[in-house]
Amino acid sequence: MDLLALADFNLVARHGGFGRAARAAERPKATLSRRVADLEASLGVRLFERGSHTLKLTQEGRALFERTETLLTELGEATTAIASGGATPRGRLRISAPLLFSQLALGKLAAEFALRYPQVRLEITTEDRPVDMVEEGYDLVIRVNPDPDDSLIGRILLRDRLVAVASPALPRPAPDEAVRAVVRVAGNASAWHLTAEQGDWRQPIEPVLQLASLIMIRDAVRTGAGAAVLPLSLVAHDLTAGTLVRWADAKVPPIEIWALYPSRRLLSARVGAFLELLKAAFPLGTPEELAAYARA
């Protein structure tokens, strides 16, 4: 198989069209079209469905793209590393991370990484939705309690847990008394399942505020607007300072923050370097570490 034709096929598939691929690579569109046609002829299958204004991967084309994109990337990184005399991180590094972790830690981590590895073009996008690493071109994703995925390799960065907190000025209700609550938008719970030394119980809630972000909720709780269930990492400093008090733990599965990447066969130098930076920042992986890092 012609590796150059395969690389051009991947370029077109990644950019979703011959014109966009040609502009991105500064290559003639006709050359890319001819190489892809030659690859289709050698394989005996159509890799793209070509419409008047659209270009779509066939089933065979998608299978080929998914199986070869990472291999070609690793091959390019390996040859670059050998040519440069080592595994110096270089090139583009795209990361997707959840909103709260990004707000607490990734600004400083990204700056430290950029200063340490100036030959890497780091790009971090913030979103809580699941992303398709292959389709969307991410090298690394950070996710909270991700679903199992056999195509991804992962490691746990941090463990956290949810706690019910309130301002000291807010009277603590009886277990069967509804509490004024600050909750996330689109939440529909009528009670919190809490646990403490005295046992487990369901605490009725009366939502008085619905806010879009956990940091907004924490700030509203500080003012005494109501109680909330929040990650311990977000409120650890307030609990130590006494600006918030802890009523109980939420009886829910623990929070695990994972770093995920597509392959362990040849981990790129830039992904490996970012993972090492994360490990150095949070060696124990506790919520207190994340809280301290955010305050530093």
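What you see is a predicted model, and the numbers here were worked out from it, not measured in a lab.

A. Spotlight on the nonpolar core. Grouped together as the largest cluster of nonpolar side chains are 45 residues, with contacts concentrated most on Phe-101, Leu-109, Leu-278 and Phe-282. Those residues within four positions of Phe-282 in sequence are excluded, and the remaining contacts are Phe-101, Ala-105, Leu-109, Leu-157, Leu-158, Glu-289, Leu-290 and Tyr-293. Of all hydrophobic cores here, the second largest spans 17 residues; its members include Phe-9, Phe-18, Ala-21 and Leu-39.

B. How the structure looks around helix α2 (residues 18-25). If you check which residues of α2 are buried, you get Phe-18, Ala-21 and Ala-22. All buried residues of α2 fall inside an arc of 100 degrees around its axis, so they share one side. Looking at the residues trailing α2, positive phi occurs at Glu-26, about 55 degrees.

C. Focus on the sheet that holds strand β11 (residues 228-231). What the 6 strands build is an open sheet, ordered β8-β10-β9-β12-β7-β11; its pairing is mixed. With one partner strand each, in any of the chains shown, β8 (179-184) and β11 form the two edges of the open sheet. The sheet shows a mean angle of 55 degrees between the axes of neighbouring strands, taken without regard to direction. Relative to strand β10 (residues 199-211), β8 runs parallel, the two being bridged by 6 bridges. The residue of β10 that forms the bridge with Val-182 is Leu-209. Here helix α8 (residues 232-241) sits on the sheet and contacts β7 (162-166), β11 and β12 (245-250); the angle it forms with β11, its principal contact strand, is near 105 degrees.

D. Region of interest: the packing of helix α5 (residues 99-116) against helix α10 (residues 287-295). Where α5 meets α10, the axes come as close as 9 Å, and the angle between the chain directions of the two elements is 65 degrees. Every pair of crossing elements has a handedness; the one defined by α5 and α10 is left-handed. On α10, the residues touching Phe-101, Leu-104, Ala-105, Lys-108, Leu-109 and Glu-112 of α5 are Leu-290, Tyr-293 and Ala-294.

E. Representation of the side chain of Ser-96. Here Ser-96 lies in strand β3 (residues 91-97). The class for Ser-96 is buried, based on a relative accessible area of 0%. A distance of 3.4 Å separates a polar atom in the side chain of Ser-96 from a polar atom in the side chain of Glu-127. Setting aside anything within four residues of it in sequence, one finds Ser-96 in contact with Thr-125, Glu-127, Val-131, Tyr-138, Leu-140, Val-141, Ile-142 and Arg-143.

F. Just the environment of Thr-73, in detail. Mapped onto the elements of the fold, Thr-73 is located in helix α4 (residues 59-83). Taking C-alpha positions, Thr-73 is 9.4 Å from Ala-7, a pair spaced 66 residues apart along the chain.

G. Region of the structure containing the pattern of salt bridges. Evaluation of the coordinates by the stated rule reveals 14 salt bridges. Two residues, Arg-35 and Asp-8, come together in a salt bridge whose shortest N-O distance is 3.1 Å. You can see Arg-35 sitting in helix α3 (residues 29-43) and its partner Asp-8 sitting in helix α1 (residues 3-15), a full 27 residues away along the chain. Taking relative accessible area as the criterion, Asp-8 reaches 6% and is therefore assigned buried. Close ionic contact of Asp-238 with Arg-222 constitutes a salt bridge, the shortest N to O distance being 2.9 Å. Taken together, the residues span a long stretch of sequence, with Asp-238 in helix α8 and Arg-222 in helix α7 (residues 214-222) at a distance of 16 residues.

H. Representation of the packing of aromatic side chains. All told, the structure shown has 6 aromatic pairs when counted by the stated rule. Between Phe-113 and Tyr-117 the ring centres are 4.9 Å apart and the planes differ by 50 degrees, which places this aromatic pair in the tilted class. When sorted by exposure, Phe-113 lands in the same class as Tyr-117, which is buried. An aromatic cluster of at least three residues, connected via ring pairs, comprises Phe-9, Phe-18 and Phe-48. In this structure, Arg-94 packs its charged tip against the face of Tyr-138, placed 4.3 Å from the ring centre. Across the ring face of Tyr-293, the terminal group of Lys-108 is positioned such that the distance to the ring centre comes to 4.6 Å.

Thresholds applied
- Residues numbered from 1 in each chain as written.
- Predicted model: local features only at pLDDT ≥ 70, side-chain atom pairs only at ≥ 80, totals over all residues.
- Heavy atoms only, no water.
- Core = buried A, V, L, I, M, F, W, Y, C linked by side-chain atoms within 4.5 Å.
- Buried < 20%, exposed > 50% of the residue type's maximum accessible area, 1.4 Å probe, protein only.
- Contact = heavy atoms within 4.5 Å.
- Helix = DSSP H or I, 4+ residues; strand = E, 2+ residues; numbered from the N terminus.
- Arc of directions from axis to C-beta.
- Pairing = 2+ DSSP bridges.
- Axes fitted to C-alpha atoms, helices over the stretch in contact; angles between N-to-C directions.
- Left-handed = near helix turned anticlockwise from the far one by under 90°.
- Polar contact = N/O pair within 3.5 Å; in protein donor to acceptor, adjacent residues only side chain to side chain.
- Salt bridge = Lys/Arg side-chain N within 4 Å of Asp/Glu carboxyl O.
- Phe/Tyr/Trp six-rings, centres within 6.5 Å; stacked < 30°, edge-to-face > 60°.
- Lys NZ or Arg CZ within 6 Å of the ring centre and 35° of its normal.

Remember, this is a structural readout, not a statement about activity or role.
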